[in-house]
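Fold and geometry: a report
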Amino acid sequence: MEKKEQLYEGKAKKVYATSDKNLCIVSYKDDATAFNGLKKGTIVGKGVVNNRMTNMMMRLLEKKGVPTHFVEELSDRDTVVKKVSIVPLEVIIRNVSAGSFAKRYGVEEGIVFDEPTIEFSYKNDDLGDPLINTYHALALKLATKEEIELIKKYAFKVNEVLKEYFLSLGVKLIDFKLEFGKTADGKIVLADEISPDTCRFWDVKTNEKLDKDRFRRDLGGVEDAYKEIFARVTKGE
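Here is a short report on the structure shown in this document. (Residues numbered from 1 in each chain as written. Predicted model: local features only at pLDDT ≥ 70, side-chain atom pairs only at ≥ 80, totals over all residues. Heavy atoms only, no water.)

Now for the sheet that holds strand β7 (residues 78-82). With respect to topology, 5 strands assemble into an open sheet ordered β1-β2-β3-β7-β6, the strand pairing being antiparallel. The strands lining the two open edges of the sheet, one partner per strand, are β1 (6-9) and β6 (70-73). Neighbour-to-neighbour, the strand axes of the sheet open up by a mean angle of 25 degrees, direction not taken into account. Sheet topology note: the β6/β7 ladder contains 3 bridges and is antiparallel. Paired with phenylalanine 70 across the two strands is valine 81, which belongs to β7. Of the strands in this sheet, β3 (23-28), β6 and β7 are in contact with helix α1 (residues 46-63), which crosses β6 at around 130 degrees. (Pairing = 2+ DSSP bridges. Helix = DSSP H or I, 4+ residues; strand = E, 2+ residues; numbered from the N terminus. Axes fitted to C-alpha atoms, helices over the stretch in contact; angles between N-to-C directions. Contact = heavy atoms within 4.5 Å.)

A few words now on the nonpolar core. Core analysis: the largest hydrophobic core is formed by 49 residues, its most contacted members being Leu162, Phe166, Leu178, Leu190 and Phe201. If you list the elements that add at least two residues to this core, you get β4 (31-34), α1, β9 (89-96), α4 (145-167), β12 (171-182), β13 (188-191), β14 (199-203) and α6 (222-235). Those residues in contact with leucine 190 that lie beyond four places of it in its chain are Met58, Leu61, Val66, Pro67, Thr68, His69, Val158, Leu178, Glu179 and Phe180. (Core = buried A, V, L, I, M, F, W, Y, C linked by side-chain atoms within 4.5 Å. Buried < 20%, exposed > 50% of the residue type's maximum accessible area, 1.4 Å probe, protein only.)

Put simply, the second largest pocket is a space of about 210 Å³. What lines the second largest pocket is a set of 16 residues, among which Asn95, Val96, Val112, Lys163 and Lys172 lie closest to the centre. Looking at the lining of the second largest pocket, the elements with two or more residues in it are β9, β10 (112-122), α4 and β12. It is β10 that contributes the most residues to the lining of the second largest pocket, 5 residues altogether. Residue composition of the lining of the second largest pocket, grouped by class: 9 nonpolar, 3 polar and 4 charged. (1 Å grid on protein atoms, 1.4 Å probe; cavity = no way out; pocket = protein on both sides within 12 Å on 5 of 7 lines; lining within 4 Å. Points joined across faces, edges and corners; volume = space filled by probe spheres on them. Nonpolar A, V, L, I, M, F, W, Y, C, P; charged D, E, K, R; others polar.)

Per the counting criterion, the structure on display carries 5 aromatic pairs. Pairing phenylalanine 101 with tyrosine 105 gives two aromatic rings, centres 4.9 Å apart and planes at 65 degrees, and the pair type is edge-to-face. Taken as a pair, phenylalanine 101 and tyrosine 105 lie in helix α2 (residues 99-105) at a separation of 4 residues, close to a single helical turn. Classification of phenylalanine 101 as buried rests on a relative accessible area of 15%. (Phe/Tyr/Trp six-rings, centres within 6.5 Å; stacked < 30°, edge-to-face > 60°.)

Looking now at the pattern of salt bridges. On inspection of all chains with the given rule, the structure shows 26 salt bridges. Across the pair lysine 11 and aspartate 125 runs a salt bridge whose closest N-O atoms are separated by 3.4 Å. Highlighted residues: lysine 11 in the loop between β1 and β2 (13-17) and aspartate 125 in the loop between β10 and β11 (131-132), separated in sequence by 114 residues. Salt-bridge contacts for arginine 217 lead to aspartate 213; the nearest nitrogen and oxygen are separated by 3.5 Å. The exposure class assigned to arginine 217 is partly exposed, which follows from its relative accessible area of 34%. Each member of the salt-bridge network shares a partner with another, and the members are Arg94, Arg104, Glu109, Glu119, Asp175, Arg200, Asp213, Arg216 and Arg217. (Salt bridge = Lys/Arg side-chain N within 4 Å of Asp/Glu carboxyl O.)

Turning our eyes to something else, we now look at the side chain of aspartate 175. Within the secondary structure, aspartate 175 is located in strand β12. The exposure class assigned to aspartate 175 is buried, which follows from its relative accessible area of 4%. Beyond its immediate sequence surroundings of up to four residues, aspartate 175 is in contact with Ile93, Arg94, Ala98, Thr198, Cys199 and Arg200.

This part covers the side chain of asparagine 50. By the element assignment, asparagine 50 lies in helix α1. Residue asparagine 50 is classed as buried on the basis of its relative accessible area of 1%. In this structure the side chain of asparagine 50 is engaged in a polar contact, spanning 3.3 Å, whose partner is the side chain of aspartate 197. Apart from the residues lying within four places of it in its own chain, the contact partners of asparagine 50 are Tyr28, Glu193, Ser195, Pro196, Asp197 and Tyr226. (Polar contact = N/O pair within 3.5 Å; in protein donor to acceptor, adjacent residues only side chain to side chain.)

For the rest of this paragraph, the subject is unusual backbone geometry. With a phi angle near 65 degrees, asparagine 207 is a residue other than glycine that sits in the positive phi range. Relative to the helices and strands, asparagine 207 is located in the loop between β14 and α5 (213-216). A positive phi is found at aspartate 218, a non-glycine position, where the angle reads about 50 degrees. Relative to the helices and strands, aspartate 218 is located in the loop between α5 and α6.

Let's shift gears to empty space enclosed by the protein. Summed over the entire model, instances satisfying the criterion amount to 1 cavity of 30 Å³ or more. By volume, the largest cavity is sized at about 40 Å³. Every residue lining the largest cavity is listed: Val26, Tyr28, Thr54, Asn55, His69, Phe70, Thr79, Val81 and Asp192. If you list the elements that add at least two residues to the lining of the largest cavity, you get β3, α1 and β7. For the lining of the largest cavity, the per-class residue count stands at 4 nonpolar, 4 polar and 1 charged.

As structure tokens, then:
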């Protein structure tokens, strides 16, 4: 399958049309951004890690009953996916207090929740992806009530599967962001990516951060963190 015209370029990926109107090719870049694009940089090899790791996670989740947009990995950076219209809701699942949650509510990082929490953000860069609730999402017609319930169900299932999976690799899944899309026939599927860009991973023993927080917070060792999480994932294949 070959790339046709470029349809879209985001902060971390480019999307191309193909000869099949229902399929696209996603190409992962090494560009890194944080704080809604205010901080920019490059993480060498990030595109390869994110592409391959995302595809592995999508395949795992498909087996566990979560439908995804994944079709076929073409190369280290390119993957064929189902063409979807993205539901403009970012879905954040949190198992432990960290990042914006800790800052927003004035709590320390590292508090383990009794149950995972879920948050929605309105996917809109100009507005800074504000937090919204189900009622706001319905008022803005971002999704139907049934779609939101299905998205919630899938999101918690993703958490259950991935939490157990990463724990087996000596990694705590702290929190993560998901995006969902609708296929041409209206089916809701998991889209976007599952990677150190979109998840917080802490080492079980040391709590060392193995994700994009190393870039966000100038902690150094960014490429090494991506390589480390990828090595654990590929070893666990």
